[in-house]
Amino acid sequence: MDAPLRASVVVVGGGVSGLSAAWWLARSGVDVLVVDKGIVGWEASGRNGGGCTHYNSALFHEEQRLWPLMDELLGYPTEYRRERIIFATTEYHLNAYLRMGEEVGRHGYDWEALDGDEVRRRVPLAGDSALGGIHLKVGGHANPQRTVQAYAWAIQDLGGRILQHTPVVRLVARGGKVTGVETATGLIECDHVVVTAGPQSGRLLATVGVRLPVAVARAEMIVTEPLPLMPHGGVDGNGLYGRQTLRGNLAYGGGPHEWIDLPPDGAPLSRPTSPLAAHLARRLAELLPKAAHVRVIRSWAGLIENTPDGRPVIDRLSSPENLTICTMSAVGFGLSPATGHAIRDLVVDGRCSFTDLDKYRLDRFDGVPDDWAADKGWVAAARAAAA
Amino acid sequence: MDDGAGHIPAQDPRSQVGKFAPPRERFDVVVIGAGPAGLAAALEAARAGLSVKLVDENPVAPGLVGLDVPLLYGGRADASIGAPQRMLEQMLATNPDLAEAFELGVDVALRTAAWSVFVEGDALHALPGPVVGLADETAAWLCGFDQLIVASGARDLVYSFDGADQPGVVGAVALTALIERYEAFDGRSLVVLGSDDLALTAAECALARGLAVAALVEVAPAPLGDPFRIAELSERGVRMIAGSVVRSAVRGAFGVAGAVVAAVEGDRPDETIACDTICLAVGRVPVVDLLDAAGVRVVLDGARGGFVPDSLDRVSTSLPSIFVAGDCAGVGRRLATLEEAAAHGRRAAAAVLAARGLTLPDGDAASTVPPPRPDGHDQLPHRRRWMEALLSTGGTDVLVCPCEEVTRAELVAVQPPRYLGAAIPENRCRTLSAMAGEGTPSHDQMKRLTRVTMGPCQGRRCREQVAMVMAIGAGVPVSGIPLAGYRAPVRPLPLAVLATLPETAASEEQWDVWFGIPTQWVPYDAIGTPREQELIEFTMHM
């Protein structure tokens, strides 16, 4: 038997938040090891809308500060592009988007309200259906697939290690501290553990008596064949999120999700798509009528976890005090540059240097009952029906 | 969940549960593919009194022929494919059993594509029963079934070489379909790559229609196929050039104008053979796109020509409601005869009847027909030998994925796509062999990083070739490259067509851009303040 692996910090889960955390730690010279059950960034971290505009988050300013720098900092292209246009085909959505613009403006960023004609001028694929919208001179979008790999390679360039295809079975604690993680192939010892295991986080944290309430759902997106590039790729609305990629494909999601039960042993779960692809196609054809002839060539589904209030948990616990946990509650990709920075600060300095994170603490869920997800109907349909 | 007071909390109103419309139509059995296996399966099920729908995408619309859907037509279909009625008549005329299907009351839907199969699974409970997504040129809809028989056949194994991106490089399966089924082949003179049953059959088919076949080119030192047939072809003027591959195709005003044939070993000089078509006839690949996307377990089996449904009896699959028949269950070196394919179809129908607790009208005869037996010959080493010879003669500056313009070299060097402009500097470059040290080389991962296999052809033109180049580049067997996953829709479908799928009022009313959790979007500074409730109400429904 080989001697156990050792690292100063082990990051459990190579999704986008864990990768960014490991990258920030490696930048600070910390000996960091990322352990993932499969390939890094393989799940929802690498398959999502790619949006980088989260005005609701405590990390918003840091998100906006970092994205324009990321290609250079990482050394690999993320395909980040600044700005977003969000436009409506109904008065209801138009009103909501205008209020979103006001909210972004309240944070000190520039935005414009657009009428239908202005939308058509700025979005060549828009048509008569466009009633108006907003143009945010902030935020933007990036390529999730390329970004997760960029993080991973940047970690390795800085001397960090990544262990793929290695499921973590449980965390190991002794004397009120976490001492390592047990994987399918052996023990990894460490001084600090960061758990960013997405849907698996609740199960893994339970192995050291920490309760992180998350429910897991499947969400879906569609992608079309490439089209000539619009001046702004970050265009969505009409109940959809998404973008035109730099390759020219339209990649959009939205609409209903399905809550699922994770197998208790962490066994892999399929990620089927559903007929939702057709309803996404309908809304995309309504939003961008001049693209209605374009062919859909793929759809995909990802598994995403949500906390009871849909807000992140980013917290260094008091017990075990060398355990830092993070779930972004279904809104993780765009915020990831800032999330990693926050996690690095918590691990190294014990507190976040650039924003308040008190409202993202885990103990806000102390009073949440065990069957909270069932109360909300956030459970698999088969379970609900059998009850 | 019961809270003890008899109260069952409702499902999250924003979830998919209860949102999908019931299927537009329903049948006991739906058969995908009206080739000999699918047709025989449909007839057998109909004779047993079941309601049956038989779906076939052929004859496909001209735009799809141009996209090489579902076969590698290679720009050599003539203008007559623009006349749908003629194409349909051709299809009926060359397939007399279709008339019997109509007579037996089978709902025959030609020119109708199956773009996805949706069945309940551990992460999908929201369906209105098992359904297959169908589409014609104007509409998409769902069709319910108890049992589905997939008889989607086999498609061409595609290799590229310099000049293969112009019209005139045609797959053998596509060639025979264009010649025999549609009488719509727009070429006159061929060079055929391969020397086994597939290549010999393609050459014989072309000669029978009065076309010129200049040569068969085979990478192995000697031809593989039946010596008697090869001698016959030779008597008719077809040369057999062994130990050779095509280095490149000569570029001409109307596409391929010749094949440059290069010896794999030795110093024999290149020879340019005039032709307007290079026919790829090295191998065929079972079409498992619909099956894989539906969640049927597939395994790589070289003796069956690639990834095939994991099945002991060759008709059932890992999903109890889905059955297979014909070439999609596996292809050997020898083409199946019509009678063998039909027998396989009848076996699939018998398995469906057994699953329904029924027996065949004439006893259990069909089920006693033994399953078609592959000859046990692993086809993968010979395919890899072709790939290695194409690499050694043609070099690495050849497109491996024409849709996304990725060369062999760019794939092996894991270069970002060309639209990003600058390549990653060499000292920061990951190669396939370096990445292989971190775990199994993954075709799906290469899709993300290089965009290989991500184009509008949905991988039909490059999938196997990419896996082979990856295996060679990473120094692993082809069997070490997992299947790159197929995704619905497995046929390219216009937004406007897919959009016609009926949507329920509940889906419209509850649609939300994301999870519909109102507290999720409250700005951080407003959490816990009097503004919070106002903002929650505002974001109740986006």
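Residues numbered from 1 in each chain as written. Chains lettered and ligands numbered in written order. Predicted model: local features only at pLDDT ≥ 70, side-chain atom pairs only at ≥ 80, totals over all residues. Heavy atoms only, no water.

**Some thoughts on the overall build of chain B**
If you tally the helices and strands in chain B, you get 17 helices and 22 strands. Relative to the globule expectation of 24 Å for 542 residues, the C-alpha radius of gyration of chain B, 26 Å, shows essentially globular dimensions. When the backbone C-alpha atoms are referred to their principal axes, chain B occupies close to 85 × 70 × 40 Å. Split into buried and exposed, the 542 residues of chain B put 61% on the buried side. If you take every contact in chain B between residues at least 6 apart in sequence, the share linking residues at least 24 apart comes to 67%. Accessible area for chain B stands at about 20,000 Å²; split by element, carbon and sulfur atoms hold 54% of it. The distance from the centre of the 45 positive side-chain charges to the centre of the 67 negative ones in chain B is 4 Å. (Helix = DSSP H or I, 4+ residues; strand = E, 2+ residues; numbered from the N terminus. Rg over C-alpha atoms; globule rule 2.2 N^0.38 Å. Buried < 20%, exposed > 50% of the residue type's maximum accessible area, 1.4 Å probe, protein only. Contact = heavy atoms within 4.5 Å. Areas by Shrake-Rupley, 256 points an atom, 1.4 Å probe, with all protein chains shown as cover. Lys, Arg positive; Asp, Glu negative; His and termini not counted. Charge placed at Lys NZ, Arg CZ, Asp CG, Glu CD.)

**Overview of the overall build of chain A**
Scanning chain A for helices and strands turns up eleven helices and 17 strands. Its C-alpha radius of gyration of 21 Å places chain A within 12% of the 21 Å reference for a compact globule of 387 residues. When the backbone C-alpha atoms are referred to their principal axes, chain A occupies close to 65 × 50 × 35 Å. Out of the 387 residues belonging to chain A, those deemed buried represent 68%. Carbon and sulfur atoms form 51% of the exposed surface of chain A, whose accessible area is close to 12,600 Å².

**Side note on helix α6 (residues 144-157) of chain A**
Residue and element names in this part refer to chain A. End to end, α6 covers 20 Å across 14 residues, agreeing with the expected 20 Å (1.5 Å per residue, within 8%). Burial in α6 covers these residues: Pro144, Gln145, Arg146, Thr147, Val148, Gln149, Ala150, Tyr151, Ala152, Trp153, Ala154 and Ile155. Where α6 starts, the residue carrying a side-chain oxygen 2.9 Å from the main-chain nitrogen of Gln145 turns out to be Asn143. (Expected span 1.5 Å × (residues − 1). Polar contact = N/O pair within 3.5 Å; in protein donor to acceptor, adjacent residues only side chain to side chain.)

**Focus on the pattern of salt bridges**
Scanning all chains against the criterion turns up 64 salt bridges over all chains. With a closest N to O distance of 3.1 Å, A:Asp236 and A:Arg84 form a salt bridge. Note that A:Asp236 is positioned in strand β11 (residues 235-237) and A:Arg84 in strand β3 (residues 81-88), a separation of 152 residues in sequence. Its relative accessible area of 8% is what places A:Asp236 among the buried residues. B:Glu503 is the salt-bridge partner of A:Arg283, the closest N and O atoms lying 2.7 Å from each other. You can see A:Arg283 sitting in helix α8 (residues 276-287) and its partner B:Glu503 sitting in the loop between α15 (495-498) and α16 (505-510), one on each of two chains. Taken as a pair, A:Arg283 and B:Glu503 share a single burial class, namely buried. (Salt bridge = Lys/Arg side-chain N within 4 Å of Asp/Glu carboxyl O.)

**Points about empty space enclosed by the protein**
One simple way to see leftover space: roll a probe sized like a water molecule over the atoms. All names here are of chain B. Evaluated as defined, the whole model comprises twelve cavities of 30 Å³ or more. For the largest cavity, the calculated volume is near 240 Å³. Leu300, Gly306, Phe307, Glu464 and Ala467 are, among the 21 residues lining the largest cavity, the residues nearest its centre. At the level of secondary structure, the elements contributing two or more residues to the lining of the largest cavity comprise β16 (284-286), β18 (306-309), α10 (380-394) and α14 (463-474). Looking at side-chain class alone, the lining of the largest cavity contains 15 nonpolar, three polar and three charged residues. (1 Å grid on protein atoms, 1.4 Å probe; cavity = no way out; pocket = protein on both sides within 12 Å on 5 of 7 lines; lining within 4 Å. Points joined across faces, edges and corners; volume = space filled by probe spheres on them. Nonpolar A, V, L, I, M, F, W, Y, C, P; charged D, E, K, R; others polar.)

**Looking at the environment of A:Ser336**
Residues and elements named next belong to chain A. Positionally, Ser336 belongs in helix α9 (residues 336-349). In sequence terms Ser336 and Val148 are 188 residues apart; their C-alpha atoms lie 9.8 Å from each other. Setting aside anything within four residues of it in sequence, one finds Ser336 in contact with Val16, Ser20, Trp67 and Tyr151. Separated by 2.8 Å, the side chain of Ser336 and the backbone oxygen of Phe333 make a polar contact.

**Some thoughts on the domain arrangement of chain A**
Residues and elements named next belong to chain A. In terms of domains, chain A is made up of domain 1 (6-51 + 145-213 + 311-386) and domain 2 (81-141 + 216-306). Of note, the centres of domain 1 and domain 2, computed from C-alpha atoms alone, are 27 Å apart. Domain 1 puts 24 residues into the contact, and the matching count from domain 2 is 23 residues. In total, domain 1 and domain 2 occlude about 1,900 Å² of area from one another, counting both sides; carbon and sulfur atoms represent 54% of this. The largest per-residue losses of area from domain 1 upon contact with domain 2 belong to Arg47, Pro199 and Trp378, which jointly make up 28% of the total buried on that side. Joining domain 1 to domain 2, the criterion identifies four residue pairs in polar contact (both at pLDDT 80 or more). (Domains from an automatic or database assignment. Buried area = accessible area lost by both parts, 1.4 Å probe.)

**Describing the interface of chain B and chain A**
Often the size quoted for an interface is simply the accessible area lost on bringing the parts together. If you look at the interface, chain B gives 84 residues, while chain A gives 107 residues. Carbon and sulfur atoms supply 57% of the area buried between chain B and chain A, which totals about 8,600 Å² over both sides. Of all residues in chain B, B:Arg448, B:Leu495 and B:Tyr524 bury the most surface against chain A, accounting for 11% of the area lost on that side. For the interface between chain B and chain A, the tally reads nine salt bridges. Between A:Arg106 and B:Asp525 there is a salt bridge, with the nearest N and O atoms lying 3.2 Å from each other. Here chain B and chain A share 53 residue pairs in polar contact (both at pLDDT 80 or more) between them. When contributions to the side of chain B that touches chain A are tallied by element, the ones reaching two or more residues are α2 (62-66), α13 (443-450), β22 (493-494), α15, α16 and α17 (531-538) of chain B. If you tally residues by element for the side of chain B that touches chain A, the top one is α17(B), at five residues.

**Comments concerning the sheet that holds strand β14 (residues 271-274) of chain B**
Note: strands within a sheet are paired through backbone hydrogen bonds, in either parallel or antiparallel orientation. Residue and element names in this part refer to chain B. Taken together, the three strands give an open sheet; going across it, the order is β12-β13-β14, and neighbouring strands pair in antiparallel fashion. This sheet does not close on itself; its edge strands, each paired only once, are β12 (244-252) and β14. Adjacent strand axes in the sheet meet at a mean angle of 30° when their direction is disregarded. Pairing geometry for strand β13 (residues 255-263) and β14, over four bridges, is antiparallel. Bridge pairing in β14 places Gly258 opposite Ala274. Against the sheet, α10 engages β12 and β13, with an angle of about 55° to β12. (Pairing = 2+ DSSP bridges. Axes fitted to C-alpha atoms, helices over the stretch in contact; angles between N-to-C directions.)

**Observations regarding unusual backbone geometry**
Here the residue pair B:Val69 and B:Pro70 is connected by a cis peptide bond, since its omega of -5° sits within 30 degrees of zero. Omega for the peptide link from B:Ala488 to B:Pro489 comes to -5°, which places this bond in the cis form. Topologically, B:Pro489 is positioned in the loop between α14 and β22. The residue A:Asn238 is not glycine, and still its phi comes out positive at about 55°.

**A look at the environment of A:Asp236**
Residues and elements named next belong to chain A. For the pair formed by Asp236 and Tyr252, sequence separation is 16 residues and the distance between their alpha carbons is 8.2 Å. Each residue touching Asp236, except ones within four places of it in the same chain, is listed here: Arg84, Ile85, Ile86, Phe87, Tyr241, Gly242, Tyr252 and Leu287. Within the structure, Asp236 has its side chain in polar contact with the side chain of Arg84 (distance 3.1 Å).

**Focus on the side chain of B:Arg384**
Residues and elements named next belong to chain B. Relative to the helices and strands, Arg384 resides in helix α10. Look at Arg384 and you get buried, because its relative accessible area is 19%. Among all residues touching Arg384, those that are not within four sequence positions of it are Met468, Ala471, Ile472, Val476, Pro477 and Val478.

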